[in-house]
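Structural overview for review
Take a look at the letters that make up each chain.
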Amino acid sequence: MQMAFELAANKAHVCFIGTPHETLSFAPDLWEKMNRREFKLTGSWMSYSSPFPGKEWDLTAHYFATGQLKFDEAFIYKKMPVSQAQEAFQLFQTPGRVKGKVMLVNEEELG
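Because the structure is a prediction, the values reported are computed rather than measured.

1. Focus: the pattern of salt bridges
- Scanning all chains against the criterion turns up three salt bridges.
- Glutamate 32 is paired through a salt bridge with arginine 36; the nearest N and O atoms lie 2.6 Å apart. Taken as a pair, glutamate 32 and arginine 36 lie in helix α2 (residues 28–37) at a separation of four residues, close to a single helical turn.
- Overall, the relative accessible area of 36% leaves glutamate 32 in the partly exposed class.
- Arginine 36 sits in the exposed class, given a relative accessible area of 66%.

2. Comments concerning the pairing of strand β3 (residues 76–81)
- One ladder, built from five bridges, connects β3 with strand β4 (residues 101–105); its direction is parallel. Within β4, the position partnered with proline 81 by the bridge is valine 105.
- In terms of handedness, the path from β3 via helix α4 (residues 85–90) over to β4 forms a crossover that is right-handed.

3. Considering unusual backbone geometry
- Of note in the backbone geometry, lysine 11 takes a positive phi value of approximately 65 degrees without being a glycine.
- On the secondary structure map, lysine 11 appears in the loop between α1 (2–7) and β1 (13–17).

4. Topic: the nonpolar core
- Core analysis: the biggest nonpolar cluster contains seven residues, these being Phe5, Ala8, Ala12, Val14, Leu30, Met34 and Phe39.
- Beyond its immediate stretch of four places on either side in the chain, phenylalanine 39 contacts Phe5, Ala8, Ala9, Lys11, Ala12, Val14, Lys33 and Met34.
- Counting five residues, the second largest nonpolar core, distinct from the first, contains Met80, Ala88, Leu91 and Val98.

5. Describing the packing of aromatic side chains
- Evaluation of the coordinates by the stated rule reveals five aromatic pairs.
- Ring centres 6.2 Å apart and planes at 15 degrees place the aromatic pair phenylalanine 5 and phenylalanine 16 in the stacked group. With phenylalanine 5 in helix α1 and phenylalanine 16 in strand β1, the pair connects residues that are 11 residues apart, well separated along the chain.
- When its relative accessible area of 0% is taken as the criterion, phenylalanine 5 is described as buried.
- Look at phenylalanine 16 and you get partly exposed, because its relative accessible area is 27%.
- Summarising the aromatic geometry, the rings of phenylalanine 71 and phenylalanine 75 are spaced 5.9 Å apart at their centres and angled 90 degrees between planes, so their arrangement reads as edge-to-face.
- The class of phenylalanine 71 is partly exposed, set by a relative accessible area of 38%.
- Ring-pair connections join several aromatic residues into one group, and the members of that group are Phe5, Phe16, Phe26, Trp31 and Phe39.

Cut-offs used in this document
- Residues numbered from 1 in each chain as written.
- Predicted model: local features only at pLDDT ≥ 70, side-chain atom pairs only at ≥ 80, totals over all residues.
- Heavy atoms only, no water.
- Salt bridge = Lys/Arg side-chain N within 4 Å of Asp/Glu carboxyl O.
- Helix = DSSP H or I, 4+ residues; strand = E, 2+ residues; numbered from the N terminus.
- Buried < 20%, exposed > 50% of the residue type's maximum accessible area, 1.4 Å probe, protein only.
- Pairing = 2+ DSSP bridges.
- Right-handed = clockwise from strand over helix to strand, strands pointing away.
- Core = buried A, V, L, I, M, F, W, Y, C linked by side-chain atoms within 4.5 Å.
- Contact = heavy atoms within 4.5 Å.
- Phe/Tyr/Trp six-rings, centres within 6.5 Å; stacked < 30°, edge-to-face > 60°.

In structure tokens:
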């Protein structure tokens, strides 16, 4: 968190991904830095329980496998290989360009 705040430029977008495993707090100087740089701080949650990956993932896989849960392919804006992760993130620099999710996949899955 400290590194992200130090590296963030003015008007930057910082996103924390995952689940914290200890308490996070903002020291006054860190809070001041965030405010003065006027950057946006968001988060992207991950849903899983112990033991990893947890019952949520197992249930979701089961319902997909049995056809009880369907996935709309239109939800995915674009599939890109993991090797192009940087390019994938750059797509979001143009507001409104990405409609849906960008999915990073292994090279062989792009077929």
